[in-house]
Structures are given as C-alpha cells and as structure tokens.
Amino acid sequence: MARDTELSHLHPVVREKIQTLISRFASEELPFRLFEGFRTPDRQHELYAQGRTKAGNKVTNAKAWSSYHQYGVAGDFVLYIDGKWSWDDKGKRKQYWKRLHELAREVGLEPLSWETPHLQLQGISLAQLQAGQYPQGGDESWSENMHAHIIKWTKTATPPSPELSMGRPPINTTERPNDTSLSSATVSNRPRYQVTARNGLNMRGGPGTGFPVVATLRSNQLVDVMKTDGDWCQVDLEGDGLADGYCHSGYLAVIA
Ligand SMILES: [Zn+2]
C-alpha cells in the first residue's frame, strides 16, 4: 500500500503549515522532504500488523483510525540526500533533525520524541479526532478523501464523516421546498439546491471520488438534484431535466 504525499489530502490548516515548513527547508537548505502525509486506515492496519501478526519489526503502536495521519493532520519528514531517503541522525545530520523539530514548533506542529520524522497538529487530541471534532476550515479535497476511506472501512468503528460532523442534515430528494414559486420557476420542477462549499465544489462523472472531475461549481451556485445515490447527488445545472454530473451531498443545501 503506497505512501500518500498528496498535499490536498491534508486538512487545509496542516497543509498550510507544511507548505510553510517546506519553504523554510528550502531557504535553510535542509534536505527534508515529505515522506508521508495522509495515511489510509488500511495502510495503518498493515503497519500495525508488522511485528505482531506479520513478519518484521514493529513500526507503530497505532491501529487504524488511531494515528493523526488518518485525519490528514500529520506529516512525516525524512532526509532526502543524493536521491535516497535517509533516517540517519548521526554526526552533522543530528542537527538537521533538531532543526526540523524547532521549525515544526514554530509553525504549530508537534514533534513526537519517539518518532523523529512525525509531526502532527498541536492542540487537538486523538479522542477529539475520533469523535469527529475536526479542526475548523476543512475543505472539499480533504473531506472527500477522508469520507471515501470512512465509507470503505469495515473492520472496526470509524470516526464520523467530516460533512456529517458539521451538522448538516442528509439530503432527501422526496422533500420539496415549501416555496412553490421556486419550483414553478424551473422547467424540471425539482427542488433546488445551493453549493455551500466555500472554494467551489467538484462535479464528477459518477457517484464517488474515483470518478473524474467534469466541472467545478461555484460557491452559492444553484443546481437541481435529480436523484441521490448514497452520499452523492445527480445534478442538473441548467434546469433542463438532463443530468450533468454528480456532487457530494455534504456541500449542497436545499433552498427552503
Ligand atoms: Zn507519522
């Protein structure tokens, strides 16, 4: 299971800190690179098994959903020298790791004494994350990715999906808005919804993050919802009764 170094899978708060950190590495000529950011629960599960039910040395004490990596609020940084990853902390390189931790604290990331490459968001507990009390300011790329892994995971309990933790009720297409003038204004006579994602909302070719993005809808844009498929809504942009694509229901609010 591959490592994920995709910055868009990190919570925006941590993404920004990590970007600052990366620019500090450049200006101080520190040879660190992001080794791993978001980590799937499956990969965490595999890593936990290592040295326990599987061969190898123990590499983690955290089970699935018990590492900050599963919430996109941690990053591991490792030295990258002469085209190779290096965990070497001897001699001159010891100073590199010390500086990594100093800079991390400056931007609000907490290092762990027992796991030198690991930096995580400070001021939030694992219990809070597991209860779905996520940091403010989550965006679509972070929450869609997390949500996709939450719904796929069946081995143990999962944390709540980010959009559900924001207290938005699930969308019900059989419920019509009270204002009949709204529905009569559209050809399709379907309930209208508004995009509530601050930075716009991806519309995809199918009901899932595995489908390609076909368009990005504007914040506050109005759409008709033709039907729902799990957490996804099939939308009609022009009100002509023809489907244009799918959007995640967590970022659509019915206009009442
Ligand atoms: Zn880590």
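Predicted model only: the values in this text are computed from it and were never measured. (Residues numbered from 1 in each chain as written. Predicted model: local features only at pLDDT ≥ 70, side-chain atom pairs only at ≥ 80, totals over all residues.)

*Asks:* Looking at this structure, I do not really get the overall build of the chain. What am I missing?
*Replies:* Looking only at helices and strands, the chain has seven helices and twelve strands in total. The buried share of the chain, taken over its 256 residues, is 34%. In the chain, of all internal contacts separated by at least 6 residues, the share reaching a separation of at least 24 is 61%. (Helix = DSSP H or I, 4+ residues; strand = E, 2+ residues; numbered from the N terminus. Buried ≥ 20, exposed ≤ 12 C-beta atoms within 10 Å, placed from the backbone. Contact = placed C-beta atoms within 7 Å.)

*Asks:* I would appreciate a short explanation of helix α2 (residues 41–49) in the present structure.
*Replies:* Residues that lie three or four places apart on an α-helix share one face, since the helix turns once every 3.6 residues. Buried within α2 are the following residues: Pro 41, Arg 43, Gln 44, Leu 47 and Tyr 48. Down the axis of α2, the smallest arc covering the buried residues is 160°, so these residues share one side. In the segment just after α2, Gly 51 is the residue with positive phi, at about 85°. (Arc of directions from axis to C-beta.)

*Asks:* Would you mind going over the environment of Gly 210 with me for this structure?
*Replies:* With respect to the helices and strands, Gly 210 occurs in the loop between β7 (201–204) and β8 (213–217). Looking at Gly 210, the number of C-beta atoms within 10 Å reads 9, which means it is exposed. Placed 62 residues apart in sequence, Gly 210 and Ala 148 show a C-alpha to C-alpha distance of 9.0 Å.

*Asks:* Explain unusual backbone geometry to me, please; I cannot follow it from the model alone.
*Replies:* Peptide bonds are trans in most cases, and residues, glycine excluded, mostly fall at negative phi. Of note in this structure, Trp 65 is not a glycine but carries a positive phi near 70°. Position of Trp 65 relative to the elements: it lies in the loop between α2 and β2 (74–81). Overall, the presence of 21 C-beta atoms within 10 Å leaves Trp 65 in the buried class. Phi angles above zero are rare outside glycine, and Asp 82 is one such case at about 50°. Mapped onto the secondary structure, Asp 82 falls in the loop between β2 and β3 (84–86).

*Asks:* When you look at the pairing of strand β10 (residues 232–236) in this model, what are you seeing that I'm missing?
*Replies:* In summary, the side chains of a regular strand alternate between the two faces of the sheet. Counting buried residues along β10, four of its five residues qualify, which places the element largely inside the surrounding structure. Of the strand pairs in this sheet, strand β9 (residues 222–229) and β10 are connected by five bridges, and their pairing is antiparallel. Bridge pairing in β10 links Val 225 to Val 235. Connecting β9 to the antiparallel partner β10 that follows it, the hairpin turn spans two residues, and Gly 230 within it adopts a positive phi of roughly 65°. Across four bridges, β10 lies against strand β11 (residues 245–248) in antiparallel orientation. Looking at β11, one finds that Gln 234 is bridged to Tyr 246. (Pairing = 2+ DSSP bridges.)

*Asks:* Would you mind going over the packing of helix α1 (residues 12–28) against helix α3 (residues 93–107) with me for this structure?
*Replies:* For any two helices packed against each other, the geometry comes down to the angle between their axes and how far apart the axes lie. Interaxial distance between α1 and α3 falls to 10 Å at its minimum, and their mutual angle equals 140°. Between α1 and α3, the angle is such that the two are oblique. Crossing hand, α1 versus α3: right-handed. Taking contact as the criterion, the partners of Lys 17, Thr 20, Leu 21 and Arg 24 in α1 are, on α3, Leu 103, Ala 104 and Val 107. Of the residues belonging to the contact of α1 with α3, the class tally is four nonpolar, one polar and two charged. (Axes fitted to C-alpha atoms, helices over the stretch in contact; angles between N-to-C directions. Parallel < 35°, antiparallel > 145°, perpendicular 65-115°, else oblique. Left-handed = near helix turned anticlockwise from the far one by under 90°. Nonpolar A, V, L, I, M, F, W, Y, C, P; charged D, E, K, R; others polar.)

*Asks:* Before we go on, may I ask you to explain the pairing of strand β4 (residues 109–112) in this structure?
*Replies:* Only one face of β4 is buried, namely the one carrying Leu 109 and Pro 111, since none of Glu 110 and Leu 112 on the opposite face is buried. Direction of pairing for β4 relative to strand β5 (residues 115–121): antiparallel, over a ladder of four bridges. Within β5, the residue paired with Glu 110 across the bridge is Gln 120. Remark: two residues form the turn of the hairpin made by β4 and β5, two consecutive strands paired antiparallel.

*Asks:* Explain the environment of Arg 33 to me, please; I cannot follow it from the model alone.
*Replies:* Considering the arrangement of structural elements, one finds Arg 33 in strand β1 (residues 32–36). Distance from Arg 33 to Ile 22, taken between C-alpha atoms, is 7.5 Å for residues eleven residues apart in sequence. The contact partners of Arg 33, leaving out residues within four places of it in the chain, are Phe 77, Val 78 and Tyr 80.

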